[in-house]
Every structure is written in C-alpha cells, then in structure tokens.
Amino acid sequence: MYRAIMNSARLSGAKQKALLRGQQARMLNVHEYISMDIMKGYGIATPTGQVVSSVDEAEHVYVNMLNKGDAVVKAQVLSGGRGLGTFKNGFKGGVHLATTLGDVKKFTESMLGQHLVTKQSGPAGIVCNKVLLVERLYMRREMYLSIMMDRTTQGPMIVASPVGGTSIEDVAASNPEKIFTEPIDIMEGLSEEAAAGIATKIGLEPGTATHAAGADLVKRLYKMMIATDATLVEINPLAETNDGRIVAADAKLNFDDNAEYRQKQIFAKRDYTQEDPREVEAHKYDLNYIGLSGNIGCMVNGAGLAMSTMDIIKLKGGDPANFLDVGGGATEEQVHKAFEILNADPKVKTILVNIFGGIMRCDVIAAGILSAAKQIGMKKPIVIRLQGTNVDEAQKLIQASGFRMIVVDELEEAATKAVAIANIVKQRT
Ligand code: GDP
Ligand code: MN
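Computed from a prediction, not measured in an experiment: that's the story for all the values here.

> Which parts of the structure should I look at to understand the nonpolar core?
The tendency in soluble globular proteins is for nonpolar side chains to be buried as a group. Counting residues in each nonpolar core, the largest one holds 43 residues, and the members touching the most others are Met 39, Leu 145, Ile 158, Leu 221 and Phe 255. By residue number, the principal contributor to this core is helix H8 (residues 209-228), which donates seven residues. Composition of this core by domain shows at least three residues from each of domain 1 (48-135) and domain 2 (139-268). Core analysis: the next-biggest nonpolar cluster, separate from the first, contains 33 residues, Tyr 289, Leu 324, Cys 362 and Ala 366 among them.

> Would you explain the confidence of the model for the protein in this entry?
When pLDDT is low, close inspection of the predicted coordinates is not appropriate. Counting all residues, the mean pLDDT for the protein is 91, and 94% of those residues have values of 70 or more. Across residues 1-11 the pLDDT falls below 50, and counting only partners more than four positions away or on other chains, this stretch makes 34 contacts in the model. Note that residues 20-25 has pLDDT below 50 and, in this model, 16 contacts with residues that lie over four places away or in other chains.

> Where do I start with the coordination of the manganese ion (ligand 2) in this structure?
As a benchmark, a tetrahedral metal site with four donors has ideal angles of 109.5 degrees, while an octahedral site with six donors has ideal angles of 90 or 180 degrees. Protein ligation of the manganese ion (ligand 2) involves Asn 236 (O) and Asp 250 (OD), the donor distances falling in the range 2.2 Å. Placement of Asn 236 in strand E12 (residues 230-241) and of Asp 250 in the loop between strand E13 (246-248) and strand E14 (252-256) is noted, with a sequence separation of 14 residues between them. You'll find Asn 236 and Asp 250 in the same group, each marked buried.

> I tried to follow the pattern of salt bridges on my own but got confused; where do I start?
Any two side chains of opposite charge can pair, on the condition that their charged atoms come close. For the structure on display, the rule yields 24 salt bridges. A salt bridge links Glu 192 to Lys 219; the shortest N-O distance between them is 3.0 Å. Of this pair, Glu 192 sits in helix H7 (residues 192-201) while Lys 219 sits in helix H8, and the two are 27 residues apart along the sequence. In this structure, Arg 262 and Asp 229 form a salt bridge, with 2.8 Å as the shortest nitrogen-oxygen distance. Separated by 33 residues along the polypeptide, Arg 262 in the loop between E14 and helix H9 (264-267) and Asp 229 in the loop between H8 and E12 bring together distant segments of the chain. Residue class for Arg 262 comes out exposed when judged on its relative accessible area of 52%. Classification of Asp 229 as buried rests on a relative accessible area of 16%.

> Hey, could you run me through the domain arrangement of the protein in this one?
In many analyses, interface size is given as the accessible surface area lost on bringing the parts together. Domain annotation for the protein reports domain 1 (48-135), domain 2 (139-268) and domain 3 (276-427). Placing a centre on the C-alpha atoms of domain 1 and another on those of domain 3 gives a separation of 41 Å.

> Would you mind showing me how to read the packing of aromatic side chains here?
Here a ring pair, both rings aromatic, is described through the centre-centre distance and the interplanar angle of the planes. By the definition in use, this model includes two aromatic pairs. Measuring from ring centre to ring centre gives 5.9 Å for Phe 87 and Phe 91, while their planes differ by 35°; the resulting arrangement is tilted. Across the pair, exposure class does not vary: Phe 87 and Phe 91 are buried alike. Considering the side-chain rings of Phe 91 and Phe 107, the 6.1 Å spacing of their centres and the 40° angle between planes classify their relative orientation as tilted. Taken as a pair, Phe 91 in the loop between strand E4 (86-87) and strand E5 (95-98) and Phe 107 in helix H5 (residues 101-111) lie far apart in primary sequence, 16 residues in all. You'll find Phe 91 and Phe 107 in the same group, each marked buried. Three or more aromatic residues joined by ring pairs form one cluster here, namely Phe 87, Phe 91 and Phe 107.

> Sorry, what's going on with the sheet that holds E4 here?
Each strand in a sheet pairs with its neighbour through backbone hydrogen bonds, running either in the same direction (parallel) or in the opposite one (antiparallel). What the three strands build is an open sheet, ordered E4-E6-E7; its pairing is antiparallel. In this open sheet, the two edge strands, each paired with only one partner strand, are E4 and strand E7 (126-127). Relative to strand E6 (residues 115-117), E4 is paired through two bridges, and the arrangement is antiparallel. Each residue of the ladder has a partner; that of Thr 86, found in E6, is Val 117.

> Explanation requested: the sheet that holds strand E2 (residues 49-52) in the structure shown.
Taken in spatial order, the four strands of this open sheet run E2-E8-E3-E5, and their pairing is antiparallel. In this open sheet, the two edge strands, each paired with only one partner strand, are E2 and E5. Mean inter-strand twist for the sheet, computed between neighbouring axes without regard to direction, equals 20°. As paired strands, strand E3 (residues 71-75) and E5 are joined by four bridges and run antiparallel to one another. Residue Val 72 lies in a different strand from E5, and its bridge partner there is Leu 97. Contacting E2, E3, E5 and strand E8 (131-135), H5 runs over the sheet at an angle of about 160° to E5.

> Looking at this structure, I do not really get the environment of Thr 118. What am I missing?
In this structure, Thr 118 sits in the loop between E6 and E7. Filtering out sequence-adjacent residues up to four positions away, Thr 118 remains in contact with Ser 79, Gly 80, Gly 81, Arg 82 and Gly 85. A distance of 3.1 Å separates a polar atom in the side chain of Thr 118 from the backbone nitrogen of Gln 120.

So, how was this worked out
- Residues numbered from 1 in each chain as written.
- Chains lettered and ligands numbered in written order.
- Predicted model: local features only at pLDDT ≥ 70, side-chain atom pairs only at ≥ 80, totals over all residues.
- Heavy atoms only, no water.
- Core = buried A, V, L, I, M, F, W, Y, C linked by side-chain atoms within 4.5 Å.
- Buried < 20%, exposed > 50% of the residue type's maximum accessible area, 1.4 Å probe, protein only.
- Helix = DSSP H or I, 4+ residues; strand = E, 2+ residues; numbered from the N terminus.
- Domains from an automatic or database assignment.
- pLDDT = per-residue confidence, 0-100.
- Contact = heavy atoms within 4.5 Å.
- Donors = N, O, S within 2.8 Å, 3.2 Å for Na, K, Ca; no water.
- Salt bridge = Lys/Arg side-chain N within 4 Å of Asp/Glu carboxyl O.
- Phe/Tyr/Trp six-rings, centres within 6.5 Å; stacked < 30°, edge-to-face > 60°.
- Pairing = 2+ DSSP bridges.
- Axes fitted to C-alpha atoms, helices over the stretch in contact; angles between N-to-C directions.
- Polar contact = N/O pair within 3.5 Å; in protein donor to acceptor, adjacent residues only side chain to side chain.

Shown next, in the form of structure tokens:
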C-alpha cells in the first residue's frame, strides 16, 4: 500500500500523506493565477499580469499591460515543478522569461493546448489551457514561505526558508538547518513577534522597510489562510526584488473540501480539465476514490479495509488500479456508480469487491453491483468477498441474478484469485 501510494505519480505529496494516514484525501487545488488573485484580495503583493488563453490575448496583455517590458510566461497546469517540466510536443519548460513580443508569442503558442509532463504529473502530463503572463521580477533573493495544517500540532504551521526557488524537499535534504518551522495556536492567532521573527529567519534585515513588508506579508497570508479555509498556502519563490519589494512570484493554495459550503466562490474555480477524470466522476457521487496505476479495480467499504485490501493485492504480486472507499453508508446508487467507474476504466482487468457488512449491508452492495451490471453489462471478471450483515441475502441476490461472479469468503483467497485473473487477462490483451 505504501508503495502503491508513493509510486502513484498522479498523487500530490499532500494527498499521499493524507492517504497514508488513512484520511479522506480530498482537497481543492486551484491555478496559480487564481491563487494570486485571492492573495491580491488580502493585500499581498503579486506580479502585474493576466491570464490568457490565446496568442492574440497574450500579445494584447504584453503590449498594453506590461508595456513590452520583460515578462514571464507561465503554463497554468495544476502541478508543481512546472519550470523543469517538458511539453509532449518537445517544448522544454513550463516557465519562460520573455524579452520580446516574438518570445511571448512563441512561448504561448508552444504551451497552449499541450500537455506538460512534470515530476508530479505522471507520464500523460496535464493539459495547459491557460497561460499566465506577468512582469518579470528582478530578484535579489528567492525565499520560501508556506503555512500548512499540521497534524502533529493539530493546527497551522509556518514553514519558511531563506532559500527558495527549488523544491522545499530538496532544501530539506541538502540544507535542513535552513528550514524553520513555527506552529501557531489557532485560538490565539499569529502574533506580531512571530510574524517579525519569520521575516528575520527568511533573511530580511530587522529594522528595514523590507523586513516590515515581509512581516506584513506573513500576517496577511495567515489571515487569508484562516478566512478561506485553506489547508496549504505556499509561495516558492517569495521574491525580494532589487528595489526592496517582497513579492509572491509563485502561489499555490489548497482548500479543505469540507469547507465547500462556505467557500462557494473559491470552489466554483475548480478546473476539472486538470484532474483525473475517474476522480472527477467519483467526486460527483461523493465516493472516496483515488486513481492508481495498476490493473485490479477495488471496491471496498471503509478506508482501513481499502488500505489492507490494496496491501494484500500487492502481497499477492498484483497492482491496484485505485483506492475506492464507498463508505459506511453508501447507497445502492453510489455502489452502482462506483462499479460503473471501475468497469469503464480500460486499465482495470478485474474487479475485486471486498465488503465487510457492518453499518453497510451486504445486500445493498450486491443490489448496486447487479443493477449496474444489468444496465451496462458485465464486461470484466468480478471477485466478491462479502462478510457480515445480510451476507446470506446478498449471496442469494447474486446467485439469482444469473451473472457469473466469483464469490469467496476469505480476503486472502479473493486477492489471490483477483491477481491470477488480472494476469491471465493481461496476457490475452
Ligand atoms: P514551478 O516550477 O511550478 O514552481 O514554477 P515557478 O513559478 O516557481 O517558476 C519556476 C522558476 O522560475 C522560479 O523558481 C524562479 O526561479 C523562476 N522565476 C519565476 N518568476 C520569475 C521572475 O519574475 N523573475 C525571475 N528572475 N525568475 C523567475
Ligand atoms: Mn515554484
């Protein structure tokens, strides 16, 4: 399970960690230009610029808004490490410095409509439908500043470094002494002293206007985080410009999905083109689904059981295609949908259903699967392991349906069978 999650290129680091803790791993990730807009609303300095979706628009912004000054052209793709990424058309880099109109047009043209492959995106890459065009900042220094919800301290935690621009994981490996953390008591909020202390730690000279601007930015960032229900705000690099300004040169915001009801404006900015379509579909039906790269589709109730199911598949030499927890109180409709998603996934060679009926009744699961199978046809072999509440009724439903499903009592046997079937199907195709 650990390896399945860590090797899944489509999972962000935060999602991976949440999954490993057995938590629901849903959050909203928005584009850099949206993050910058939100920051601007809280008085945080961001570069002048605008998002565009055509070469003509880019020309217009470059000429009229940036007055043909040096600019940065940035692919709006929901992934970190864009700068070092490569587009599928061979064009290198999702972030480029432009000094002429020709540059701006060429870069925009090369990015729009193309898929950018980064360290985090997986080999298929993520489509770039928008490009952010901003003034170039002349940076004296690149720093790092983030605030995240931290599990250990059960509250917000500032992570800051005088070294920015590269990934914070790399800094942690090469210069751990240059990373500073500061837990914040959410009831007391962020004090003036703590904000000033962070400004000093990221290398700003106490007593200067630049230091005051840094401390002010830390405070505004914290205020924004709380007000918007963000789980992560990250600025990398945070720029100290040659003329002494502190500007967010990059911005990444994540939001807590549970806050959707009170952050409607922000959640309306979700860009589904950037997400795994299987996850998008599952999300609509409130299913806890995460796409992985293997070929055994799993349908399980309960996050812990889902984890152990994935573990045992791995142990038997197989590879799960997903993490799917239908939850304790799934309806027949949700089960139907879950089955549909697994069935439609071309990577899935066989489906393993592992249900422990407690609150969830086995017959409800069986009814959901059967109704889906009737409607869309049963295209893939299914191994079912059911235990617990109403298991006998479930068995009867399956037998009466006439569909051939492999029903087993024990998880180990179920996993062994699923792995064997997946291997056979794989050889045939
Ligand atoms: P990421 O690779 O997805 O994190 O994208 P960033 O927005 O962080 O851009 C990548 C890199 O480009 C940054 O780490 C900077 O080193 C550089 N960069 C971005 N904006 C500017 C800018 O305005 N001026 C300069 N000199 N470099 C920039
Ligand atoms: Mn960055």
